[in-house]
Amino acid sequence: MTLITKIFASLTAAEFFYIFYLETIATVSERTAKVFGMDVSELKRPSVTVLFKNQGVYNALIGVLILVAVFAFSSVTALIFLLLAIVAVALYGSVTSNPKILIMQGGIAILALITCLI
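Residues numbered from 1 in each chain as written. Predicted model: local features only at pLDDT ≥ 70, side-chain atom pairs only at ≥ 80, totals over all residues. Heavy atoms only, no water.

When its secondary structure is counted, the protein chain shows six helices and zero strands. Of the regular secondary structure in the protein chain, the N- to C-terminal order runs α-α-α-α-α-α. Against the globule reference of 13 Å for 118 residues, the protein chain gives a C-alpha radius of gyration of 15 Å, in line with a compact fold. By its C-alpha atoms, the protein chain is 45 × 30 × 20 Å across when sized along the principal axes. (Helix = DSSP H or I, 4+ residues; strand = E, 2+ residues; numbered from the N terminus. Rg over C-alpha atoms; globule rule 2.2 N^0.38 Å.)

A separate point is the layout of surface pockets. Within this model, the largest pocket holds a volume of roughly 820 Å³. Looking at the largest pocket, it is lined by 26 residues, and the ones nearest its centre are I19, E23, F36, I101 and Q105. At the level of secondary structure, the elements contributing two or more residues to the lining of the largest pocket comprise α1 (3–25), α2 (30–36), α4 (46–72), α5 (76–96) and α6 (101–117). (1 Å grid on protein atoms, 1.4 Å probe; cavity = no way out; pocket = protein on both sides within 12 Å on 5 of 7 lines; lining within 4 Å. Points joined across faces, edges and corners; volume = space filled by probe spheres on them.)

The N-to-C vectors of α1 and α5 enclose an angle of 45°; their axes lie 12 Å apart at closest approach. With respect to their mutual orientation, α1 and α5 come out oblique. Pair α1 / α5 crosses with left-handed handedness. Contacts between α1 and α5 involve T5, A9, T12 and F16 from the first element and L79, L83 and I86 from the second. (Axes fitted to C-alpha atoms, helices over the stretch in contact; angles between N-to-C directions. Parallel < 35°, antiparallel > 145°, perpendicular 65-115°, else oblique. Left-handed = near helix turned anticlockwise from the far one by under 90°. Contact = heavy atoms within 4.5 Å.)

Another point: the nonpolar core. A general feature of soluble globular proteins is that nonpolar side chains tend to end up buried together. By size, the foremost hydrophobic cluster in this structure holds 16 residues, and its most contacted members are I66, L79, L83 and I86. Of all elements in the fold, only α1, α4, α5 and α6 reach the threshold of two or more residues within this core. For this core, the element with the most residues is α5, which contributes six residues. Residues within four places of L79 in sequence aside, it is in contact with M1, T5, A9, I66, A69, V70 and C116. (Core = buried A, V, L, I, M, F, W, Y, C linked by side-chain atoms within 4.5 Å. Buried < 20%, exposed > 50% of the residue type's maximum accessible area, 1.4 Å probe, protein only.)

Put into structure tokens, the structure is as follows:
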């Protein structure tokens, strides 16, 4: 695994930890509202808060799995599968929600994936 792959994979993990922070820790903040295009009042609804916190935990686990694939196992194969899953989810989000999601959530992962394949 090349250094550039490790860098892009680590940046992808950092992005998912940031999403975790927004969704799970700063759930009702102005920043979270801005990032997700929602009103803070909407984020304060108990049903939305629970959903965000749950989704945030999934995002943190993705970040952990990326770091484990890169640094514990040094497995390009595992990393490729994780990155493909991230890109697939970003693509789905771009079709069903907002086209910018592909670049916002999948951009660094796409770059990391490219470095794995060259």
